[in-house]
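Architecture at a glance
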Amino acid sequence: MLNISNGVNLILDEHGRIQAEGLKSLPNDQAIEIRQLIKDNRGVIVEYLNLWNRAWALADYVDGGESIAPYAERAARMPELNRMVERMRSIENVLKTVKTPKNVHKKPLKPAV
């Protein structure tokens with residue numbers, strides 16, 4: 001899951017399509033901007049969501065989860081999990097720089113007097 005904006009979370013459905021939960025609650029102009037952001041960054045968003053799903057499953061395995069593997073096997077997978085998390089963070093940082101819709105949380109400029 002990726003929180004792309006206030007109250008808008010992105011997930012991949014079972015067919016690999018991006019679903020935007022909470023998009024309908026936004027004003028129309030903001031929803032249009034978010035849809036455009038998703039369209040413009042589809043590749044990196046899909047990469048992030050795939051990583052998130054794999055990291056979640058791997059974290060469950062490493063933590064013990066339902067099928068407890070020997071400690072040495074679980075510990076050996078930690079570097080892989082750490083690489084996934086680092087890549088996810090780098091994607092988040094890229095999206096933060098491009099995901100500022102024009103009308104979200106900005107105060108109108110006051111004319112100079």
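Per chain, residue numbering runs from 1 following the sequence as it is written. Local features in this predicted model are restricted to residues of pLDDT 70 or higher, and side-chain atom pairs are both shown and tallied only at a pLDDT of 80 or more, whereas totals for entire chains, interfaces and linings draw on every residue. Calculated side-chain values reflect all of the structure's heavy atoms, with hydrogen atoms and water omitted.

**Quick notes on the sheet that holds strand β2 (residues 8-12)**
Formally: Strands pair, by our definition, only if DSSP identifies at least two bridges between them. Secondary structure elements follow DSSP: runs of H or I of four or more residues count as helices, runs of E of two or more count as strands, with numbering from the N terminus. Each axis is a line fitted through C-alpha atoms, taken for helices only over the stretch in contact, and angles between the N-to-C directions span 0 to 180 degrees. Residue contacts follow a heavy-atom distance rule, with two residues in contact if any of their heavy atoms lie within 4.5 Å.
An order of β1-β2-β3 is seen for the three strands of this open sheet, with the pairing classed as antiparallel. Each end of this open sheet is capped by a strand with a single partner; those strands are β1 (2-5) and β3 (18-21). Across the sheet, the axes of successive neighbouring strands diverge by a mean angle of 35°, strand direction being ignored. Two elements, β1 and β2, share three bridges in a ladder whose sense is antiparallel. Paired with S5 across the two strands is V8, which belongs to β2. Against the sheet, helix α1 (residues 28-40) makes contact with β1, β2 and β3, and its axis sits at roughly 130° relative to β1, the strand it touches most. Along the sheet face, helix α2 (residues 42-63) touches β1, β2 and β3 and points at about 75° away from the line of β2.

**So, the packing of aromatic side chains**
Spelled out, the test is: The aromatic pairing rule takes the rings of Phe, Tyr and Trp, using the six-membered ring of Trp, and pairs them if the centres are within 6.5 Å, calling planes under 30 degrees apart stacked, those over 60 edge-to-face and the rest tilted. Remark: exposure states derive from per-residue accessible area (1.4 Å probe, protein chains only) relative to the maximum for the residue type, with buried under 20%, exposed over 50%, and partly exposed in between.
All chains considered together, the criterion is met by one aromatic pair. Aromatic pair W52 and W56: ring centres 5.4 Å apart, planes at 20°, arrangement stacked. Of this pair, W52 and W56 both sit in helix α2, four residues apart, which is roughly one turn of the helix. A relative accessible area of 24% means that W52 is categorised as partly exposed.

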